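# What the coordinates show
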Amino acid sequence: RVDEAGVVGRLVERESLKKTKTALERATRTTAKPRAGTGERISEPPAKKADPSAALAFLKRKQPALFSAAQLAENRKNEDNAKTEPLRKNRAAYPVCTTSGVIDDFSEKYPLAAIGNEWTLSSDRVMGGVSVAAGAAGEHEGKACVVLSGEVSTENNGGFVQVAVDLSSAEDPMATVDASAWDGLELDVRCPRGEDYNVHLRTPQCTRVFSSFRATFPTTEGGEWGTVRIPFDVFRGNGPGCEGEALDVSQLRRLGILGIGRDFTAELSVAGVRLYGTEPAPAGLALAPGSGTWLGEGGSLFLGNRRTLKVGSVWWMGLGSRRAGGQEFSA
C-alpha cells in the first residue's frame, strides 16, 4: 500500500523486494566442499528447517511431561492468534446504507464502519503538502466515535486532513449507491472550539482525485454534541468533471469528512453519519395516535414506505413528516 507520501511507499516496496530476494538467495545457497582425492568441489543442499510437529512427536514419545507443557504452550499461542485476528462478517451481512439510512453509527470497531467498509485517513501530503493527520477511535459522554485531529497547513498549496469511507459494500471499488430517495446527510459531531468542517462526496462525475462535491457545516463551541443536517442540494462541485455540475445522488461513491482550507489545529469527533429524509407519509396513510406506527386502511401495520425502509425506521422517518404534528412517538 502506498502511503501518504507516495514516494516513500515505493521505496518501502523496493526495500521489501530486496529483502525477499536476499532471503530466497540464502535459502537456496549451496555449500561447496572438495571431493575426496580430487580438486573438484561438490554442492550440498541447504539444511532443512526444523518441523515443530516433528519436535512435538519426539517429545510425546520420549518425554511425555515435556510434551504436555509444550502442547499447552502451543494451544495458548493459537488462542492468542485467534484473539488478535477476530472473525469478520461476510460483506453481505452488513446493511446497505441507502436501505437502513445508516452510513456509520460506530457500533463496529474502528476503522470498520457499520456498512462493512473501512475508514481511511489522508492529508495533503499526497500532493506535496505538510499537514499532519490522525484518526482514532474515541468515546465522549458515552458515545463511541472517530476523532479526526491534526495540524492543517496551507504551506505548499496544501491544507486538509480527512477521514473517508466508500459507501458501497460491493467489492468493486468503483461501485456506487443510489441515495436519490433521501434528502441529505445527518452527522452527530463535537468540536471543542466550534469551528467549521467539510463533507465531500465523490461520484463518477469526479474525474480527478481532488475533484468532489463539497459542503461546509458548523459545530457548537464548548465541546457539546450537536447534530447537523446537510441537504444534498447545497453541495457544490469543485475540480475537473464536477465544477458547475449538480450532484448526482443516484451515484454516490465515497464520503469524506475534512478539516480544510486554513491553518488551524483540527479536532472533530463524529459519532454518527446517516442519510435523512423529510418526505411526508404516502397518501392514504396516517400516524396512529399515541404511537409512531404508520397505519394503513383498517389499522393494519404498514411495513414500509416509498423508500422501502425497514420497519424499525418507519417511526423515525415519521418525525420528519408534515403529518407528525401533535403526535407522540416512542421507540
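Since we're looking at a predicted model, the values are computed, not measured. (Residues numbered from 1 in each chain as written. Predicted model: local features only at pLDDT ≥ 70, side-chain atom pairs only at ≥ 80, totals over all residues. Heavy atoms only, no water.)

### Looking at the pairing of strand E5 (residues 132–140)
- Relative to strand E6 (residues 143–152), E5 runs antiparallel, the two being bridged by nine bridges. Each bridged residue has a counterpart across the sheet, and for Gly 138 the counterpart in E6 is Cys 145.
- Hairpin connection, E5 to E6: the antiparallel pair is bridged by two residues, and Glu 141 has positive phi, about 55°. (Pairing = 2+ DSSP bridges. Helix = DSSP H or I, 4+ residues; strand = E, 2+ residues; numbered from the N terminus.)

### Focus: the environment of Ala 179
- Along the chain, the position of Ala 179 falls in the loop between strand E7 (160–166) and strand E8 (184–190).
- Each residue touching Ala 179, except ones within four places of it in the same chain, is listed here: Thr 98, Phe 232, Val 249, Ser 250, Leu 252 and Leu 275. (Contact = heavy atoms within 4.5 Å.)

### With respect to the environment of Ala 113
- Along the chain, the position of Ala 113 falls in the loop between strand E3 (102–104) and strand E4 (120–123).
- You can call Ala 113 buried: its relative accessible area is 0%.
- Placed 160 residues apart in sequence, Ala 113 and Val 273 show a C-alpha to C-alpha distance of 10.0 Å. (Buried < 20%, exposed > 50% of the residue type's maximum accessible area, 1.4 Å probe, protein only.)

### Brief notes about the sheet that holds E7
- Across the sheet, which stays open at both edges, the six strands sit in the order E4-E7-E13-E9-E10-E12 with antiparallel pairing between neighbours. Among the strands making up the open sheet, the edge pair consists of E4 and strand E12 (236–238). Going across the sheet, the axis of each strand differs from the next one's by a mean of 30°, ignoring polarity.
- Note: E7 against strand E13 (residues 254–260), seven bridges, orientation antiparallel. (Axes fitted to C-alpha atoms, helices over the stretch in contact; angles between N-to-C directions.)

### Remarks on the side chain of Asn 198
- Here Asn 198 is to be found in strand E9 (residues 197–202).
- Asn 198 sits in the buried class, given a relative accessible area of 10%.
- A distance of 3.1 Å separates the side chain of Asn 198 from the side chain of His 200, its partner in a polar contact.
- There is a polar contact of 2.8 Å between the side chain of Asn 198 and the side chain of Thr 216.
- The contacts of Asn 198, once residues within four sequence positions are left out, are Arg 214, Ala 215, Thr 216, Phe 217, Gly 256, Ile 257, Leu 258 and Ile 260. (Polar contact = N/O pair within 3.5 Å; in protein donor to acceptor, adjacent residues only side chain to side chain.)

### Section: the confidence of the model for the chain
- On average, the chain scores 77 in pLDDT, and the residues at 70 or more come to 61%.
- Mean pLDDT values over the elements of the chain span from 40, in strand E16 (residues 294–295), up to 98, in E9.
- For residues 1–5, every residue scores under 50 in pLDDT, and the model assigns this stretch nine contacts once sequence neighbours within four places are set aside.
- Throughout residues 280–316 the model reports pLDDT below 50, and contacts reaching past four residues in sequence, or to other chains, amount to 69 contacts. (pLDDT = per-residue confidence, 0-100.)

### Some thoughts on the nonpolar core
- One finds Ile 103, Trp 119, Leu 185, Phe 232, Phe 235 and Leu 255 to be the most contacted residues of the largest nonpolar core, which totals 45 residues.
- For this core, the elements supplying multiple residues, two or more each, are E6, E7, E8, E9, strand E10 (212–217), strand E11 (226–231), E13 and strand E14 (264–276).
- Top element by residues in this core is E14. It accounts for six residues.
- When near neighbours in sequence (up to four residues on either side) are disregarded, Phe 235 contacts Leu 185, Val 199, Leu 201, Phe 213, Arg 214, Ala 215, Ile 230 and Leu 247. (Core = buried A, V, L, I, M, F, W, Y, C linked by side-chain atoms within 4.5 Å.)

### Brief notes about unusual backbone geometry
- For the bond running from Tyr 110 to Pro 111, omega is 15°, close enough to zero to count as cis.
- Considering the arrangement of structural elements, one finds Pro 111 in the loop between E3 and E4.
- Its identity as a non-glycine residue notwithstanding, Glu 141 has a phi of 55°, on the positive side.
- Assignment of secondary structure puts Glu 141 in the loop between E5 and E6.
- In this structure Glu 141 comes out as exposed when scored by relative accessible area, which is 61%.

### Notes on the pattern of salt bridges
- On inspection of all chains with the given rule, the structure shows six salt bridges.
- Of the charged contacts in the structure, one is a salt bridge between Glu 186 and Arg 229, with a shortest N-O distance of 2.6 Å. Residue Glu 186 is located in strand E8, and its partner Arg 229 is located in strand E11; the two are separated by 43 residues in the primary sequence.
- With a relative accessible area of 5%, Glu 186 lands in the buried category.
- Between Arg 274 and Asp 188 there is a salt bridge, with the nearest N and O atoms lying 2.8 Å from each other. Here Arg 274, found in strand E14, pairs with Asp 188, found in strand E8; they are 86 residues apart in sequence, far enough to count as distant. Of the two residues examined, Arg 274 and Asp 188, each falls in the buried class.
- It is possible to trace a salt-bridge network through shared partners that takes in Glu 186, Asp 188, Arg 229 and Arg 274. (Salt bridge = Lys/Arg side-chain N within 4 Å of Asp/Glu carboxyl O.)

### Quick word on the packing of aromatic side chains
- Inspection of the entire model under this criterion finds three aromatic pairs.
- A centroid spacing of 6.2 Å and a plane angle of 15° characterise the contact between Phe 106 and Trp 119, whose relative ring orientation is stacked. With a gap of 13 residues between them, Phe 106 in the loop between E3 and E4 and Trp 119 in the loop between E3 and E4 connect regions that are remote in the sequence. The residues Phe 106 and Trp 119 share a single accessibility class, namely buried.
- A centroid spacing of 6.0 Å and a plane angle of 65° characterise the contact between Tyr 197 and Phe 264, whose relative ring orientation is edge-to-face. (Phe/Tyr/Trp six-rings, centres within 6.5 Å; stacked < 30°, edge-to-face > 60°.)

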